[in-house]
Amino acid sequence: MSLNLLSEDLVPEHARDVKREAREFAEEHIAPNAEEYYRTGDYPWEILEAGMDAGLVAQDIGEEYGGRGLDLEQILAVAEEFYRADAGIALTLQLASFGAEMLEQYGTDDQKERYLRPVAENDQITGLAVSEPDVGSDLAGMHTTAEKDGDEYVLNGEKYWIGNGVEADWVTVYAKTGDTDDRYMNYSLFVVPTDTDGYEAEHIPEKMGMRASKQAHVVFDDCRIPEENLIGSEGAGFMMLADFFNHGRVVVGGHGLGLAAAALEEAWAFVHEREEFGRHVSDFQAVQHGLADMRLEFEAARALNYRAARKVEEYDNPGLWAAMAKTKSTEVAVDNAEQGMQFHGGRSILTDRRIARVYRDARIPVIYEGANEIQRNLIYRQSGEQ
Ligand SMILES: Cc1cc2nc3c(=O)[nH]c(=O)nc-3n(C[C@H](O)[C@H](O)[C@H](O)COP(=O)(O)OP(=O)(O)OC[C@H]3O[C@@H](n4cnc5c(N)ncnc54)[C@H](O)[C@@H]3O)c2cc1C
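Residues numbered from 1 in each chain as written. Predicted model: local features only at pLDDT ≥ 70, side-chain atom pairs only at ≥ 80, totals over all residues. Heavy atoms only, no water.

1. Some remarks on the environment of V130
Convention followed: Here a strand is any run of E in DSSP of at least two residues, a helix any run of H or I of at least four, and the numbering for each starts at the N terminus. Between buried and exposed lies partly exposed: a residue is buried under 20% and exposed over 50% of the maximum accessible area for its type, with that area taken using a 1.4 Å probe on protein chains only. Residue contacts are defined here by distance: any two heavy atoms, one from each residue, within 4.5 Å place the two residues in contact.
With respect to the element layout, V130 can be found in the loop between β1 (126-129) and β2 (145-149). Its relative accessible area of 5% is what places V130 among the buried residues. In this structure V130 touches L139, M142, K159, I162, Y174 and L241, once residues within four positions along its chain are discounted.

See the structure below:
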């Protein structure tokens, strides 16, 4: 029996074709390989390349620069399909252009030709370096500096958790360029090619979930880049990042939706097969109510998430809606995974089970792109500002 959880009716019409492409791709390339990539912890280069060939990687970049110009609702529709199949591989596919979108919005023509086009054309991959070993949530408290020296900037400091920090051709780096009283105006963004002298990256220790995606510890040691690599204007980094995260958080909501759907599907299938006390476990009303709650919360989250996508596209209180979508969808993923585990009984803890993988992976989107406590701060503050 198919629950058809990621149904098309909620998805705007213009996003349905790419959603079908994503589902077909996920069924053929992601789901069948999920267990193996979790076990080996390898970087899924082959699947990334297949995703590029299928036109499903880095395609939010505009047609002018070689991409498909997919909008936020289309990327959300792709995200929920990919994450339903496997979150680790999905994160690698979606991280290939992470942060590059800011170059499209704020970069110079020369920067776009040199750095953005190769990403859109899938010749290069990139990453976004914001978080640090000692500071994660406080975006206006990061320590890495970029000091102007003649016609260059010199970067010093450390970044942590940087997706593709080892594999990327270049990364967008968030660094401190000022020390004014307004702590939100002290940061800037830079394009930093990873073969620049003074850029060193190594993988962080192995994770319990999303093992098919790789994060790095990056050290900048007198890393010199030309002044042309500054994105937008000096001091505007925080604002550019905050706006970018409004888009990113809607998509991370999609990560939660895919995981929540996977948990419900897996739990549903298990309890309808398993027999105890001479009947299917699904015949117990307590179990039926548990499944009903999983469905209810999933549908509520998904409706909110698509509504938020529209709001962010229309620039209608985007910070509030993005934070609500991210929080709700990622927490439904955690709750559904927890309930799904319980319904699997002892088998839940077998590491090769899909439900166990979903349970481990669901712990992650409640943290990345801003821990959900930070989202609640935004929701409270921006609710009052309407
Ligand atoms: C798999 C993965 C991939 C990632 N990829 C990237 C990437 O590509 N690029 C990048 O830059 N970063 C990335 N990150 C980092 C991620 O964005 C940070 O982990 C996140 O912002 C939280 O920062 P932190 O881990 O330092 O936690 P901290 O900021 O130290 O917070 C720890 C906990 O303290 C609590 N807390 C903190 N501040 C507050 C507050 N104001 N109010 C209430 N409670 C609070 C929360 O419970 C929070 O979870 C990634 C993280 C993971 C796990």
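2. Some points on the site of the ligand
Threshold: Note on definitions. A residue lies near a molecule or strand when any single heavy atom of the residue is within 4 Å of it. Think of a polar contact as two N or O atoms within 3.5 Å of one another; within protein, one of them needs to be a possible hydrogen donor and the other a possible acceptor, and neighboring residues in sequence only count if both atoms come from side chains. Exposure was quantified through the Shrake-Rupley algorithm and a 1.4 Å probe, taking into account, for residues, occlusion by the shown protein chains and nothing else. Think of it as three bins: nonpolar holds Ala, Val, Leu, Ile, Met, Phe, Trp, Tyr, Cys and Pro, charged holds Asp, Glu, Lys and Arg, and polar takes everything else, Gly as well.
Residues in close proximity to the ligand total 18 residues, the closest being L128, S131, S137, W161 and E373. S131 places a polar side-chain atom, nitrogen or oxygen, 2.7 Å from a nitrogen atom of the ligand. The separation between a nitrogen atom of the ligand and a polar main-chain atom of W161 is 3.0 Å. When the ligand sits alone it has 980 Å² of accessible area, and the protein chains cover 68% of it. Contributions of two or more residues to the shell around the ligand are made by β3 (152-163) and α12 (372-384). Residue composition of the shell around the ligand, by class: 10 nonpolar, 6 polar and 2 charged.

3. Overview of a nonpolar patch on the surface
Inclusion rule: Patch membership requires more than 30% relative accessible area and the absence of a salt bridge. Residues of like charge join within 9 Å; the nonpolar side chains Val, Leu, Ile, Met, Phe, Trp and Tyr join within 5 Å. Each reported salt bridge corresponds to a side-chain nitrogen of Lys or Arg within 4 Å of a carboxyl oxygen of Asp or Glu.
Taken together, the side chains of Y184, M185 and M239 make up a nonpolar region of the molecular surface, amounting to roughly 280 Å² of accessible area. Along the chain, the position of M185 falls in the loop between β4 (170-176) and β5 (187-193). Taking the relative accessible area as the measure of exposure, M185 reaches 38% and is therefore partly exposed.

4. Some words on the pattern of salt bridges
By the definition in use, this model includes 30 salt bridges. The partner of E73 in a salt bridge is R310, with the nearest N and O atoms 2.8 Å apart. Of the two residues, E73 sits in helix α4 (residues 72-85) while R310 sits in helix α9 (residues 285-313), which places them 237 residues apart along the sequence. Given the relative accessible area of 34%, R310 is considered partly exposed. E266 is the salt-bridge partner of R354, the closest N and O atoms lying 3.0 Å from each other.

5. Focus: the packing of aromatic side chains
Let me state the cut-off plainly: By convention, a stacked pair of Phe, Tyr or Trp rings (six-membered ring in the case of Trp) has centres within 6.5 Å and planes under 30 degrees apart, an edge-to-face pair has planes over 60 apart, and any other such pair is tilted. A ring is considered to have a charge above it if a Lys NZ or an Arg CZ atom is located within 6 Å of its centre and within 35 degrees of its normal.
By the definition in use, this model includes 11 aromatic pairs. Between F98 and F244, the aromatic rings sit 5.7 Å apart at their centres with planes inclined by 45°, giving tilted as the arrangement. Of this pair, F98 sits in the loop between α5 (87-95) and α6 (100-106) while F244 sits in helix α8 (residues 237-273), placing them 146 residues apart in sequence. Against the face of Y38 rests R211, its NZ or CZ located 5.1 Å from the ring centre.

6. Details of unusual backbone geometry
A negative phi angle is the norm for most residues apart from glycine, just as the trans form is the norm for most peptide bonds. Phi at N122 is positive, roughly 65°, even though this residue is not glycine. Mapped onto the elements of the fold, N122 is located in the loop between α7 (109-120) and β1. Relative accessible area serves as the criterion here: at 18%, N122 is assigned to the buried category. Located in the positive-phi region is E369, a residue other than glycine, with phi close to 60°. Positionally, E369 belongs in the loop between α11 (354-362) and α12.

7. What to know about the packing of α8 against α9
In plain terms, the rule: All axes here are fitted lines through C-alpha atoms, helices being fitted over the stretch that makes contact, and every angle between N-to-C directions spans 0 to 180 degrees. Reported orientations rely on four angle classes, namely roughly parallel under 35 degrees, roughly antiparallel over 145, roughly perpendicular from 65 to 115, and oblique for the rest. For any helix crossing, the convention is left-handed if the near helix is rotated counterclockwise from the far helix by under a right angle, and right-handed if that rotation is clockwise.
Axis separation between α8 and α9 bottoms out at 10 Å; the angle between their running directions is 160°. Taken together, the axes of α8 and α9 lie roughly antiparallel to each other. α9 is crossed by α8, and the crossing has left-handed handedness. The class makeup of the residues in the contact of α8 with α9 is 17 nonpolar, 6 polar and 2 charged.

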